[in-house]
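Here is how the chains run, residue by residue.
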Amino acid sequence: MGSNSSRIGDLPKNEYLKKLSGTESISENDPFWNQLLSFSFPAPTSSSELKLLEEATISVCRSLVENNPRTGNLGALIKVFLSRTKELKLSAECQNHIFIWQTHNALFIICCLLKVFICQMSEEELQLHFTYEEKSPGNYSSDSEDLLEELLCCLMQLITDIPLLDITYEISVEAISTMVVFLSCQLFHKEVLRQSISHKYLMRGPCLPYTSKLVKTLLYNFIRQEKPPPPGAHVFPQQSDGGGLLYGLASGVATGLWTVFTLGGVGSKAAASPELSSPLANQSLLLLLVLANLTDASDAPNPYRQAIMSFKNTQDSSPFPSSIPHAFQINFNSLYTALCEQQTSDQATLLLYTLLHQNSNIRTYMLARTDMENLVLPILEILYHVEERNSHHVYMALIILLILTEDDGFNRSIHEVILKNITWYSERVLTEISLGSLLILVVIRTIQYNMTRTRDKYLHTNCLAALANMSAQFRSLHQYAAQRIISLFSLLSKKHNKVLEQATQSLRGSLSSNDVPLPDYAQDLNVIEEVIRMMLEIINSCLTNSLHHNPNLVYALLYKRDLFEQFRTHPSFQDIMQNIDLDTQNHAKNLNYIHLKHILLWKK
């Protein structure tokens, strides 16, 4: 690329890139490297820009893939980078801008090349490219150094040990992005990689001791949400021709992998790309999630998942059991605050789910918080705006609610938290409502949306499971929440009648035409009746355990008692309807004249 600013369109003709990918071997001590790495380049900040970069460098990459077995220039470039990183910490302390700038550029080139190599070849071929050295034809040494393992260890050291300053911010982002690219090998294999290079290097050997330190650093990067340095803090000022240093918003390669490592899948609504206020925090979170979800090796569990499962609060002074490896401590209050603030992104929601599901220390701490509304409200807002979220984000938010509602203490406490003026809830002005009643409203709205749009049976089941978990602890339900419970049952009842009518008509039509295939109405009817049964069990659980605490629900049931008439004689619902009728009738006998008047005027 050279000392002048490079543009994407100029890259195929760039003399330095041609030499790097050519047939001539370049020694790691050659002055060429200083010339190659002295470039300023506008970093790709979108997938379209990254695609342009990949298209412009395809000829260079192909030449390198072809010639590197004979020249070893990729290995020489990596050795140049490795030698520079040994002085990186000292350079940061001495504010050696040029040295850090060139080291960053070396890592950027390595990252771009690594992505191409991973896309085009097997892991075995990739490893060979990292072990090639300049030798005479046919002379290959069996004890050649493994640059790939050394590079990974170097990246882990860079992420964990280099102080985060304005001049080191972008090289830290690039180091994390390079690790994400390295771990993308799984994307190009249909089968699960259990014996991959990532397992070989990351789960044993010299990289293993960095496990807990790396996980802790990535978590703190997420917690701190450090923004990139202002333009004036860049190593060099922007060029007058509009080109800039490779100090943009985020690593170009990792930005291109954004759509792969987010959770939006084929057929689901794509989430809008958030504006990255902290590229370092975002890339750290992506790397953390990838590490946590690596499959266990054949002879060892995933150490990064072990670290995530076992870390404790800094205020917890109890010793770690000797059986727990890779343990560390982190400030739970800071982590809780960051998780509450960052739930607009699906990767942050995935982290919250991972921690709640796998780390009992975190789960216990969160359930003991007295400000749970700070966490629950963002989750409810995700479900409320279900039309704008991809299906994976909605499912994760719902599963988080399922985990929380498994705790009786949580189910009691949410009805004691009173909220005022929920601005994002637009169906009705809610000037004052409990967190529990709001949770019920949002979950019911999600069910109704699913009934009319996506028709996902499992989403129904999970929503109803969350309500069932809470039902025994319903307290002082808001009038509107009680109405919506009955309205949902009314909707299910109408749907049941409609499907039953269609099934009857279809059966009559089949008598006149034996050749026409019949729709499977029986299956649809079974699904609806299963959902109706769950709704009745939720209502019955509330009446059995907390009838006197929920007069609004009793009023709603008495007012709409005709709605349940058809189910009183239905064999699938007869038993549970008897319980509901008995509870409401006993409570109705105790209502005084004012309460009866309230029932008559309740709808008004």
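Structure shown above.
In short, a report on the structure. (Residues numbered from 1 in each chain as written. Predicted model: local features only at pLDDT ≥ 70, side-chain atom pairs only at ≥ 80, totals over all residues. Heavy atoms only, no water.)

A look at helix α16 (residues 303-310)
- Most of α16 sits out of view: six of its eight residues are buried.
- Where α16 is concerned, the buried positions are P303, Y304, R305, A307, I308 and S310.
- The opening residue of α16 is N302, an N-cap whose side-chain oxygen sits 2.9 Å from the backbone nitrogen of Y304. (Buried < 20%, exposed > 50% of the residue type's maximum accessible area, 1.4 Å probe, protein only. Helix = DSSP H or I, 4+ residues; strand = E, 2+ residues; numbered from the N terminus. Polar contact = N/O pair within 3.5 Å; in protein donor to acceptor, adjacent residues only side chain to side chain.)

Re the packing of aromatic side chains
- Here the structure, examined in full by the defined rule, presents eleven aromatic pairs.
- Considering the side-chain rings of Y16 and F32, the 6.2 Å spacing of their centres and the 35° angle between planes classify their relative orientation as tilted. Of this pair, Y16 sits in helix α1 (residues 15-20) while F32 sits in helix α2 (residues 32-36), and the two are 16 residues apart along the sequence.
- Seen in terms of ring centroids, F332 and Y365 are 5.4 Å apart; in terms of plane orientation they differ by 75°. Their pairing is edge-to-face. In this pair, F332 sits in helix α17 (residues 332-341) while Y365 sits in helix α19 (residues 360-367), placing the two residues 33 residues apart along the sequence.
- The class for F332 is buried, based on a relative accessible area of 3%.
- Grouping aromatic residues by their ring pairs yields a cluster made of F311, F328, F332, Y336 and Y365. (Phe/Tyr/Trp six-rings, centres within 6.5 Å; stacked < 30°, edge-to-face > 60°.)

Points about the nonpolar core
- The biggest cluster of nonpolar side chains holds 188 residues, and the ones touching the most others in it are F81, Y425 and L438.
- Each residue touching L438, except ones within four places of it in the same chain, is listed here: L377, L380, L419, I422, W424, Y425, L430 and I433. (Core = buried A, V, L, I, M, F, W, Y, C linked by side-chain atoms within 4.5 Å. Contact = heavy atoms within 4.5 Å.)

Concerning helix α12 (residues 211-224)
- Over its 14 residues, α12 runs 20 Å from end to end, which matches the ideal 20 Å to within 8%, given 1.5 Å per residue.
- Of the positions making up α12, those classed as buried are T211, S212, L214, V215, T217, L218, L219, Y220, N221, F222 and I223.
- Residue Q225 follows α12 closely and has a positive phi angle near 50°. (Expected span 1.5 Å × (residues − 1).)

Section: empty space enclosed by the protein
- One pass over the full model with this rule turns up five cavities of 30 Å³ or more.
- Computed from the structure, the largest cavity encloses a volume of approximately 70 Å³.
- Forming the walls of the largest cavity are L557, L558, R561, F564, R568, M577, I580, D581 and T584.
- Only α27 (551-559) and α29 (574-589) provide two or more residues apiece to the lining of the largest cavity. (1 Å grid on protein atoms, 1.4 Å probe; cavity = no way out; pocket = protein on both sides within 12 Å on 5 of 7 lines; lining within 4 Å. Points joined across faces, edges and corners; volume = space filled by probe spheres on them.)

Points about the environment of L435
- Its location among the elements puts L435 in helix α23 (residues 435-452).
- Sequence spacing of L435 and V376 is 59 residues, and the spatial spacing of their C-alpha atoms is 8.4 Å.

Concerning the side chain of N105
- Here N105 lies in helix α7 (residues 97-120).
- Taking relative accessible area as the criterion, N105 reaches 0% and is therefore assigned buried.
- Within the local environment of N105, its side chain forms a polar contact with the backbone oxygen of F39, the two atoms lying 2.9 Å apart.

Some thoughts on the packing of helix α9 (residues 147-161) against helix α10 (residues 169-182)
- Two elements in contact, α9 and α10, have axes whose closest approach is 9 Å; the angle formed by their N-to-C orientations is 140°. Relative to α10, the element α9 is oriented oblique. Here the hand of the crossing between α9 and α10 comes out left-handed. Two secondary-structure elements touch here, α9 through L148, L152, L155, M156, L158 and I159 and α10 through I171, S172, A175, I176, T178, M179 and F182. (Axes fitted to C-alpha atoms, helices over the stretch in contact; angles between N-to-C directions. Parallel < 35°, antiparallel > 145°, perpendicular 65-115°, else oblique. Left-handed = near helix turned anticlockwise from the far one by under 90°.)

Overview of the pattern of salt bridges
- Following the criterion strictly, the structure yields 13 salt bridges and no others.
- Among the salt bridges present, the one from E387 reaches R445, with a minimum N-O distance of 3.4 Å. Highlighted residues: E387 in the loop between α20 (373-384) and α21 (391-405) and R445 in helix α23, separated in sequence by 58 residues.
- With a relative accessible area of 29%, E387 lands in the partly exposed category.
- With its nearest N and O atoms 3.2 Å apart, the salt bridge here joins E537 to R533. Of the two residues, E537 and R533 are both situated in helix α26 (residues 521-546); the distance of four residues between them amounts to about one turn of the helix.
- According to the relative accessible area criterion, R533 is partly exposed, its value standing at 23%. (Salt bridge = Lys/Arg side-chain N within 4 Å of Asp/Glu carboxyl O.)

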